[in-house]
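Listed below are the residues making up each chain.
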Amino acid sequence: MWALTALLLLVSSSGQAATLEKPILSLHPPWTTIFKGERVTLKCDGYHPLLLELRPISTLWYLGHLLLPSHKKSIEVQTPGVYRCQTRGAPVSDPIHLSVSNDWLILQVPYTPVFEGEPLVLRCRGWYDKVVYKLHYYHDGQAVRYFHSSANYTVLQARASDSGRYQCSGTMRIPVESAPMFSAKVAVTVQELFRAPVLRVMGPPEARGAALGGVVLRCDTHLHPQKRDTPLQFAFYKYSRAVRRFDWGAEYTVPEPEVEELESYWCEAATATRSVRKRSPWLQLPGPGSPLDPASTTAPRAAALAPGNKPLFFRKPPVSRSVPSVTSVPSTTSTGLQFPASGAPTAGPPACAPPTPLEQSAGALKPDVDLLLREMQLLKGILSRVVLELKEPQALPELRGTPETPTSHFAVSLGTPETTPVES
């Protein structure tokens with residue numbers, strides 16, 4: 001009977017070990033830097049086999065790659081290095097880096113990772129707990145806090161911007177007050193609790209609110225693996241107006257009348273205490289043809305359909321850009337020069353067909369050609385009159401006795417110059 005019980009315990013423990021998680025290694029006191037000669041305690045919390053098993057070795061300890069002889073749940077150490085532990089059948093724990101200093105002043109930081117929204121505590125400690133006076137804390141070379149004597153520097157709700165290299169300085173009375181002394185710089189990294197959320201449109205199979213009309217939006221984010229049990233709340237906004245305040249649900253159904261303004265929505269994720277809040281970008285709609293395209297839910301609004309299931313295009317008709325015809329006005333200063341009015345426009349293409357580029361260019365050049373022809377004709381008349389006067393001076397005797405009446409070059413006739421006899 002006892003043998004059967006031991007066998008059952010062994011089988012059950014072996015089956016449990018196959019799904020074990022890695023143990024948690026802790027440090028007491030919780031500071032990664034100590035003075036030379038001090039001792040700290042390491043504790044390994046995880047699954048430990050029952051004493052009825054054949055090999056009751058519970059814990060393995062590692063310093064770097066060296067296996068330590070102890071198999072207890074906790075050990076005391078004073079040697080610097082990287083420590084790990086392992087319980088039977090489980091993976092190796094996360095490491096703890098222990099530093100040993102021989103300086104007068106050390107800056108101590110916690111060994112556990114600090115996440116967004118959690119307090120960050122720094123401790124400036126003098127040699128074997130001597131009081132530090134005129135204490136300054138520095139972050140990336142800039143002084144951030146001053147104390148008259150020994151005190152911890154605490155950031156109540158850490159942010160990613162609080163990551164960096166920290167240092168402290170102060171004086172000690174040994175036995176008289178010393179000159180300012182500085183600690184070594186220590187790197188601190190604030191871990192991201194969860195990623196910035198992204199607002200997405202849920203597909204039709206997943207959209208539980210589709211039957212009620214509208215589109216279902218989901219605010220997606222991912223927690224850090226070590227903080228996956230942290231509860232988050234979500235809020236949804238349209239422009240700057242909250243359409244749903246913080247609640248535990250990560251989904252929101254947009255009412256059908258507001259589906260056309262999906263791109264004006266965004267969401268926000270936060271912890272229950274609001275110590276960490278992060279907002280998403282504006283909603284990015286999927287491309288056309290995608291199964292998540294919200295246009296499929298608003299097809300009657302997106303395009304009107306003709307009787308033959310052909311979409312109607314709402315475009316303005318093309319504007320005619322034909323060149324208007326130019327009508328010449330006959331000159332009234334002379335009866336000899338007659339300019340025929342521009343004739344009716346020749347038969348062109350049908351009104352419904354747009355003019356070709358060649359026809360447009362020809363129509364635009366027609367007024368310039370007519371003007372050039374007129375001026376050439378006027379110049380010809382003036383030259384013929386000058387030549388006639390030079391060859392036959394007596395042909396125009398009346399012009400010498402009377403002053404010429406100034407006329408415009410548009411009044412010259414193409415034929416024989418008209419003269420008016422002067423009565424004596």
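Just so it is clear, the model here is predicted, and its values are computed rather than measured.

Procedures and definitions
- Residues numbered from 1 in each chain as written.
- Predicted model: local features only at pLDDT ≥ 70, side-chain atom pairs only at ≥ 80, totals over all residues.
- Heavy atoms only, no water.
- Helix = DSSP H or I, 4+ residues; strand = E, 2+ residues; numbered from the N terminus.
- Contact = heavy atoms within 4.5 Å.
- pLDDT = per-residue confidence, 0-100.
- Buried < 20%, exposed > 50% of the residue type's maximum accessible area, 1.4 Å probe, protein only.
- Disulfide = S-S within 2.5 Å.

What exactly am I supposed to notice about the environment of glutamine 78 here?
With respect to the helices and strands, the residue glutamine 78 is situated in the loop between strand E6 (74–77) and strand E7 (81–87). With 42 residues separating them along the chain, glutamine 78 and lysine 36 place their C-alpha atoms 7.8 Å apart. Beyond its immediate chain neighbours, meaning those up to four positions away, glutamine 78 contacts Gly37, Glu38, Arg39 and Val100.

How should I be thinking about the confidence of the model for the protein chain in this particular structure?
Interpretation of this model should avoid reading the predicted coordinates in detail wherever pLDDT is low. With 63% of its residues at a pLDDT of 70 or more, the protein chain shows a mean pLDDT of 75. In this model residues 1–18 is a low-confidence stretch, pLDDT under 50, and it forms 7 contacts with partners more than four residues away in sequence or in other chains. A low-confidence stretch, residues 205–211 (pLDDT under 50), is modelled with 7 contacts involving residues beyond four sequence positions or located in other chains.

Can you walk me through unusual backbone geometry in this structure?
Negative phi characterises most residues that are not glycine, and trans characterises most peptide bonds. Cis geometry marks the peptide bond from histidine 28 to proline 29, where omega comes out at -10°. Along the chain, proline 29 falls in the loop between strand E1 (24–28) and strand E2 (33–35). Unusually for a residue other than glycine, tyrosine 128 sits at a positive phi of about 50°. Mapped onto the elements, tyrosine 128 comes out in the loop between strand E11 (120–126) and strand E12 (133–139). The phi dihedral of arginine 274 is positive, around 65°, even though this residue is not glycine. Mapped onto the elements of the fold, arginine 274 is located in the loop between strand E24 (265–271) and strand E25 (277–279). You can call arginine 274 partly exposed: its relative accessible area is 31%.

What is the right way to read the state of the cysteines from this model?
Each disulfide consists of one covalent bond between the sulfur atoms belonging to two cysteines. Applying the stated rule across the entire model yields 3 disulfides. The disulfide partner of cysteine 124 is cysteine 168, and the S-S distance across this bridge is 2.1 Å. Sign of the S-S torsion, about 70° for the bond between cysteine 124 and cysteine 168, identifies this disulfide as right-handed. Residue cysteine 124 is located in strand E11, and its partner cysteine 168 is located in strand E15 (residues 164–171); the two are separated by 44 residues in the primary sequence. No difference in accessibility class separates cysteine 124 from cysteine 168, as the two residues are buried. The disulfide partner of cysteine 219 is cysteine 267, and the S-S distance across this bridge is 2.1 Å. Its S-S torsion of about 75° marks the bond between cysteine 219 and cysteine 267 as right-handed, since a negative value means left-handed. With a gap of 48 residues between them, cysteine 219 in strand E20 (residues 215–220) and cysteine 267 in strand E24 connect regions that are remote in the sequence. Accessibility expressed as a relative area gives 0% for cysteine 267, which makes it buried. Looking at the protein chain, its bonded cysteines, counted consecutively from the start of the sequence, adopt the pairing 1-2, 3-4, 5-6.

I would appreciate a short explanation of the environment of proline 257 in the present structure.
Along the chain, the position of proline 257 falls in the loop between strand E23 (251–254) and E24. Here the alpha-carbon distance between proline 257 and glycine 214, two residues 43 residues apart in the chain, equals 7.8 Å.

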